[in-house]
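Chain by chain, the residues:
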Amino acid sequence: MATQLLLGGAVYSPAAPDATAMAVTDGIVVWVGTDDVGRALHPDAEVIDLGGLFVSPGFVDSHVHLTSTGLGLDGLTLNEASSRTHCLRLVEKAVAAESAHEGGDLIWGLGWDDSTWAGAEPDDGRFPTTTELDAVVGTRPVYLARIDEHSAVASTALRRLIPDLAGAVGYHPEEPLVAEAHHLVRGAARLLVTAAHRERAQRRALDGAAAHGVVAVHENGGPDISGMDDFLALAELDHPVEVRRYWGQAVTDADHARELMSITRADALGGDLFIDGAIGSHTAWLTEPYTDDPHTHGISYLGAEAIRDHLRACTIAGIQAGFHVIGDAATGVVVGALADLADELGTPALARCAHRLEHAEMVTAADAEVLARCGVIASMQPLFDAEWGGPGDLYDARLGAPRAATLNDFAMLARTGVALSFSSDAPVTAIDPWSTIRAAVHHHQPANAISARGAFAATTRGGWRAGGVNDGVTGTLTPGAPASYAVWEVDDLVVAGSHEKVQRWSTDPRSRVPALPDVSPGAELPRCVRTVHRGRTLYDRDAG
C-alpha cells in the first residue's frame, strides 16, 4: 500500500482543528494531525511539502448543465452585454469569427440579461427582436438563451426548423420565446450541435470545474433542457470528475419510475423537472402577480396531481425525486403533495429517498417545516442573490422590495432543519465554490445569510448528501474518508460568522473551530493549486 504524507500546510479537518498534515493511503485519508507526529507514524511515506498551502475537502456542485456550460466557455457568451445594441454587436462579431462555426452553422449564445441594460438608443434597455437578430445573422440558425435559460431569442432560420412553433404556448414572432415554444426551439438548436462538439463542451466544463476545486457535479438533464442524446452521452464520458445524473421527467407509478431509470441510466428522477420557470423571464409561478407585469403570475408546467404521483412513485420505488421550483405558488404545490404523502407513506419513507427541490428561492417558514419533516434537501444558488438581490436589481424590479427581501433565505431554512446543498446552476452562474460561499455569507439581506462554516458545509458534505451519500465522512478530511481534496493558495485564514452572535462564539479559541479562508468583500479568494478525487489528481496548476 502506497502512502502519501502531506506536510507543512493547514488542513481543514473537524477531527483535528489545528492539523498541518494528512496521510493518504490508496485513495483514503488514514490520518490527520501535526507534522512531527505524521513523520513518526508514516516514516516510509512519499512526502509532499505543502509549503503553507491550505487543504480543504473537494467541492461538489449539485446543479449544473455541462454541455451548455462548455458551449459558453468556448463560444458566444453575452454576460458582458450592456445594452441591446451591444448584444447585437457581440453576435455580429461571433458570426464573423471562424470559432463560432465549430458546431456547424449554428451559433449558440447565452447569458444576456436585459434587466441590467441601458444605452444611448431608445430601445437599448430591451431584448433584441427576431427582425433585429436576422439583420445581423442572415440565414444562420442562432439560439441566444437569456441568462436564466428559461427564454431565448431565436433567428428565423432556427424558428423555421419547427413547423408548428407558432401554435406553441409562449410563442411570439418577434419577442423571446418562453414555455413550450422555448423548449421546442432549444431542442432544434441541440440537434445542430454535433456529437464531437458536444463532447468537447462537456469535457471543457468538467475541466473548468476541477480547476476550481470541484471533484463531483450533479448534471440536471431532461427532455426540455438537454435531451436524451446529451444525457446518455454523459453516461459514456470518461472523465475523472464524478458526475451524478438527474433526469427531469415525471412518472406515474413505481414501475414507470424503475423503467425510466433503466432507460436513461439516471441516478435519480429529479433535477430540472420543471414546475415553473424563472423570475427573470416572468415564468416563475407566483401566488401574487409580478410587480412589473401585473397581468401575469408566471407559468405552471406541472399540476398538483402529477407532482404528487411523481413523488409517490419514486418514494415507493426508493428513488430520489425532485423538482425545479422557484416561485412561491410552485413551492406551495410541492409542499402540499409532501404533506399528503407524509400522511399516506410516512415521513421515514420520504426521508430515506432524500428528495430535492432545486432553487427553492421563495419558501415560507411553514413550507420549510414540512420540507424538514420530510427530509427534503434544498439545492440552492447563493450567487443568484449576489447577481440579482441588491436594491433596484432584478428581484426588486420583478417582485417589489418586500417580496424580494424574502428570497433565498438560507438562515431560515437551516434554522428550520432543511438540509442545504449549494451549487451554481452553471452556466447561469459560474462554477466557483468560494464565490458561492462568499455570496451565502454576505447575502444582500443579512438576516438571510449563514456562517462561512455553514456555507462551506453546504458546498462539500451538503453536496454529497444531496447526491445520496450520507455516511458521515465523505466530504470531510477525517480518517476513513475518501481522499477527495483541493489545495489552495490563501491570503488569510479566519474564523468568522455571518452575524455578531456567531462571531463572538466561533472566534473564541475554546470553540476549536478550524479556520477557513477569508471570504469577506474585497478579500482575494483562494486560488486552486491542485484537485484530487479519491487519490487521483484531477487538476494540477503547476504540471504545465
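Residues numbered from 1 in each chain as written. Predicted model: local features only at pLDDT ≥ 70, side-chain atom pairs only at ≥ 80, totals over all residues. Heavy atoms only, no water.

- An unreviewed UniProt entry lists the protein chain under the name Amidohydrolase 3 domain-containing protein, with Gordonia terrae NBRC 100016 given as the organism.

## Things to note about the pattern of salt bridges
Okay, so step 1: Applying the stated criterion to the full structure yields 24 salt bridges.
Okay, so step 2: Taking the shortest distance from any N to any O, the salt bridge between glutamate 489 and arginine 541 comes out at 3.0 Å. Remark: arginine 541 occurs in the segment after strand 23 (536-540) and glutamate 489 occurs in strand 19 (residues 485-489); sequence separation between them is 52 residues.
Okay, so step 3: By relative accessible area, glutamate 489 is classed as partly exposed at 27%.
Okay, so step 4: Note on arginine 541: relative accessible area 34%, which makes it partly exposed.
Okay, so step 5: Through salt bridges with shared partners, a single network forms among Glu489, Asp491, Glu524, Arg527, Arg541 and Asp542. (Salt bridge = Lys/Arg side-chain N within 4 Å of Asp/Glu carboxyl O. Helix = DSSP H or I, 4+ residues; strand = E, 2+ residues; numbered from the N terminus. Buried < 20%, exposed > 50% of the residue type's maximum accessible area, 1.4 Å probe, protein only.)

## Here's the deal with the packing of helix 2 (residues 66-74) against helix 7 (residues 195-210)
In a pair of packed helices, the angle between the axes and the distance between the axes together describe the arrangement.
Okay, so step 1: Where helix 2 contacts helix 7, the axes come no closer than 7 Å and their chain directions differ by 85°. As far as their axial angle goes, helix 7 and helix 2 are roughly perpendicular. Between helix 2 and helix 7, the residues in contact are Leu66, Thr67, Thr69, Gly70, Leu71, Leu73 and Asp74 and His197, Arg198, Ala201, Gln202, Arg204, Ala205 and Leu206, respectively.
Okay, so step 2: Here the contact of helix 2 with helix 7 is composed, by residue class, of six nonpolar, five polar and three charged. (Axes fitted to C-alpha atoms, helices over the stretch in contact; angles between N-to-C directions. Parallel < 35°, antiparallel > 145°, perpendicular 65-115°, else oblique. Contact = heavy atoms within 4.5 Å. Nonpolar A, V, L, I, M, F, W, Y, C, P; charged D, E, K, R; others polar.)

## Looking at the side chain of threonine 460
Okay, so step 1: Structurally, the position occupied by threonine 460 is in the loop between helix 19 (452-459) and helix 20 (461-466).
Okay, so step 2: Since its relative accessible area comes to 1%, threonine 460 is described here as buried.
Okay, so step 3: Apart from residues lying up to four places away in sequence, threonine 460 is in contact with Pro57, Gly58, Phe59, Val60 and Gly475.

## Side note on helix 3 (residues 84-96)
Okay, so step 1: The first and last C-alpha atoms of helix 3 sit 19 Å apart over 13 residues, in line with the 18 Å expected at 1.5 Å per residue.
Okay, so step 2: Of the positions making up helix 3, those classed as buried are Arg84, Cys87, Leu88, Val91, Ala94 and Val95. Down the axis of helix 3, the buried side of the element spans an arc of 115°, and every buried residue falls inside it. Turned more than 90 degrees from where helix 3 packs its buried face, Lys93 and Ala96 sit exposed. (Expected span 1.5 Å × (residues − 1). Arc of directions from axis to C-beta.)

## Some words on the sheet that holds strand 17 (residues 377-380)
Okay, so step 1: Reading across the sheet, the four strands line up as 15-16-17-18 and stay open at both edges, with parallel pairing between neighbours. The open sheet has two edge strands with one neighbour each: strand 15 (322-325) and strand 18 (419-422). Between one strand axis and the next, the sheet turns by 25° as a mean value, whatever way the strands run.
Okay, so step 2: One ladder, built from three bridges, connects strand 16 (residues 356-359) with strand 17; its direction is parallel. (Pairing = 2+ DSSP bridges.)

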